[in-house]
Amino acid sequence: MNSASTNLLAKDMRAMILAAGLGSRLKPWTDHHPKALAIVNGKSLLQRNIKYLRSFGITSIVVNVHHFAEQVLDALEKNDGFGCDYIISDEREEVLETGGGLVKAQPYLVGNAPFVLMNVDILTDLNLGAMLQNHLEHAPLATLATRNRETSRYLLFDDEDRLCGWKNIKTGEEKPALQNGAEEPAIVKHPKAFSGIHIIDPKIFSLVKQEGKFSMIDVYLDLMADHTIRSFDHTGSRFIDVGKPESVLAAEQMFI
């Protein structure tokens, strides 16, 4: 598949930006503002990520809101969605985390084409077109952007880039946990840090068993035995998690 056909399909794709979180790590900004509107060189994280999606031909987005939701709504309205058609998934009654938020937004994302799910507080120049092409070639249930970087929690992938587990290196907790003293399966597990960007086949909605508030990582860990969840490594691209005040300063050095 060439890049032209990838770009053509991207025009029919939708994306969801997860912007509902409390942003506790980004205090004191989030004492009075949503993390989505944190400013990096004069532009908010939300504006930058909408521009990022637009650069790959994605102009239809869903944004979920909870913490200071009115400020996010006001920013989108005043700026005409920063050039995108947008739909709000309202979580003001209760923030639902990544998985619950996605399921609530299901009516806006169903269809035949895969869709992008991304955290609002990450900035990257990951080639989303290449990630989409990889997803279409391998046809997994989901493709997750990953990098080789230090973190406390890693996704584990086998030699064929398929998800096979999760590990917290600080606590030693690992999923799936071995049952009844069983021996470790003979699978080589490669730890990779998740970058907060997913490309997902909409058939996932018929497979999710969780309800209410839950994480997408738990969904993937539940489904990985019977469905392929793949890694797309983008170690060579720029990336930063703008989750702390000091990371805003670092982001300003990386993204003009």
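Residues numbered from 1 in each chain as written. Predicted model: local features only at pLDDT ≥ 70, side-chain atom pairs only at ≥ 80, totals over all residues. Heavy atoms only, no water.

Chemist: So what exactly am I meant to see when it comes to the overall build of the protein chain here?
Modeler: Per the secondary structure count, the protein chain includes 8 helices and 14 strands. What you see for the protein chain is a C-alpha radius of gyration of 18 Å, in line with the 18 Å of a compact globule of 256 residues. Counting across all 256 residues of the protein chain, residues that qualify as buried make up 47%. If you take every contact in the protein chain between residues at least 6 apart in sequence, the share linking residues at least 24 apart comes to 74%. (Helix = DSSP H or I, 4+ residues; strand = E, 2+ residues; numbered from the N terminus. Rg over C-alpha atoms; globule rule 2.2 N^0.38 Å. Buried < 20%, exposed > 50% of the residue type's maximum accessible area, 1.4 Å probe, protein only. Contact = heavy atoms within 4.5 Å.)

Chemist: Just to check I follow, could you spell out helix α6 (residues 128–138) for this structure?
Modeler: Structural remark: α-helix, 3.6 residues per turn; residues separated by three or four positions point the same way. Residues L128, G129, M131, L132, N134 and H135 constitute the buried set of α6. Looking at where α6 begins, the residue whose side-chain oxygen comes 3.0 Å from the main-chain nitrogen of G129 is N127. Once α6 finishes, A139 follows within two positions and takes phi at roughly 50 degrees, a positive value. (Polar contact = N/O pair within 3.5 Å; in protein donor to acceptor, adjacent residues only side chain to side chain.)

Chemist: Please explain unusual backbone geometry as it appears in this structure.
Modeler: Leaving glycine aside, a negative phi is the common case for residues, and trans is the common case for peptide bonds. Here the residue pair K27 and P28 is connected by a cis peptide bond, since its omega of 10 degrees sits within 30 degrees of zero. Along the polypeptide, P28 turns up in the loop between β1 (14–18) and β2 (39–40). Omega for the bond connecting K175 with P176 falls within 30 degrees of zero, at -5 degrees, which places this linkage in the cis form. Tracing the sequence through the fold places P176 in the loop between β11 (174–175) and β12 (190–200). Positioned with a positive phi, F68 is a non-glycine residue whose angle comes to about 50 degrees. Within the secondary structure layout, F68 lies in the loop between β4 (60–65) and α3 (69–78). Given a relative accessible area of 29%, F68 falls into the partly exposed group. The backbone of F82 sits at a positive phi, close to 50 degrees, despite the residue not being glycine. By the element assignment, F82 lies in the loop between α3 and β5 (85–90). Take F82: its relative accessible area is 13%, and that puts it in the buried class.

Chemist: Would you mind showing me how to read the pairing of strand β10 (residues 163–168) here?
Modeler: Along β10, 5 of the 6 residues are buried, which leaves the element largely enclosed by surrounding structure. Inspection of the sheet shows strand β9 (residues 153–157) paired to β10 by 5 bridges, in the antiparallel sense. The residue of β10 that forms the bridge with Y154 is K167. Between β9 and β10, which pair antiparallel one after the other, the connecting turn spans 5 residues, and D161 there sits at a positive phi close to 65 degrees. (Pairing = 2+ DSSP bridges.)

Chemist: Can you walk me through the pairing of β4 in this structure?
Modeler: Where a strand is regular, its side chains alternate between the two sheet faces. Where burial is concerned, most of β4 is hidden: 5 out of the 6 residues are buried. The sheet contact formed by β1 and β4 spans 5 bridges and is parallel. In the strand pairing of β4, L18 is matched with N64. With 6 bridges joining them, β4 and β5 adopt parallel strand pairing. Each residue of the ladder has a partner; that of I61, found in β5, is Y86. Regarding the hand of the β-α-β motif, the stretch spanning β4, α3 and β5 is right-handed. (Right-handed = clockwise from strand over helix to strand, strands pointing away.)

Chemist: When you look at the confidence of the model for the protein chain in this model, what are you seeing that I'm missing?
Modeler: Caution is warranted with low-pLDDT regions, since their predicted coordinates should not be read in detail. This prediction gives the protein chain a mean pLDDT of 92; 92% of its residues lie at or above 70. Under a pLDDT of 50 for its full length, residues 1–5 has, in the predicted model, 6 contacts with residues more than four places off or in other chains. (pLDDT = per-residue confidence, 0-100.)

Chemist: Looking at this structure, how should I read the pattern of salt bridges?
Modeler: Oppositely charged side chains are able to pair whenever their charged atoms sit close together. This structure, assessed with the given rule, holds 14 salt bridges. One salt bridge connects K78 with D74, and the closest N-O pair in it is separated by 3.2 Å. Highlighted residues: K78 and D74, both in helix α3, separated by 4 residues, approximately one helical turn. Owing to a relative accessible area of 33%, D74 belongs among the partly exposed residues under this scheme. Between K175 and D218 there is a salt bridge, and its shortest N-O distance comes to 3.5 Å. On the criterion of sequence distance, the pair formed by K175 in strand β11 and D218 in helix α7 (residues 216–223) is long-range, its members being 43 residues apart. Residue class for K175 comes out partly exposed when judged on its relative accessible area of 29%. Within this structure, E70, D90 and R92 form a network of salt bridges that share partners. (Salt bridge = Lys/Arg side-chain N within 4 Å of Asp/Glu carboxyl O.)

Chemist: Sorry, what's going on with the nonpolar core here?
Modeler: Most often, soluble globular proteins keep nonpolar side chains buried together rather than apart. Membership of the largest hydrophobic core comes to 44 residues, with the highest contact counts inside it found for L46, L53, V116, L128 and I197. The contacts of I197, once residues within four sequence positions are left out, are Y52, V116, L117, M118, I122, T124, L126, L128, M131, T143, L144 and A145. L18, L155, F205 and V219 belong to the second-largest nonpolar core, a separate cluster that totals 28 residues. (Core = buried A, V, L, I, M, F, W, Y, C linked by side-chain atoms within 4.5 Å.)

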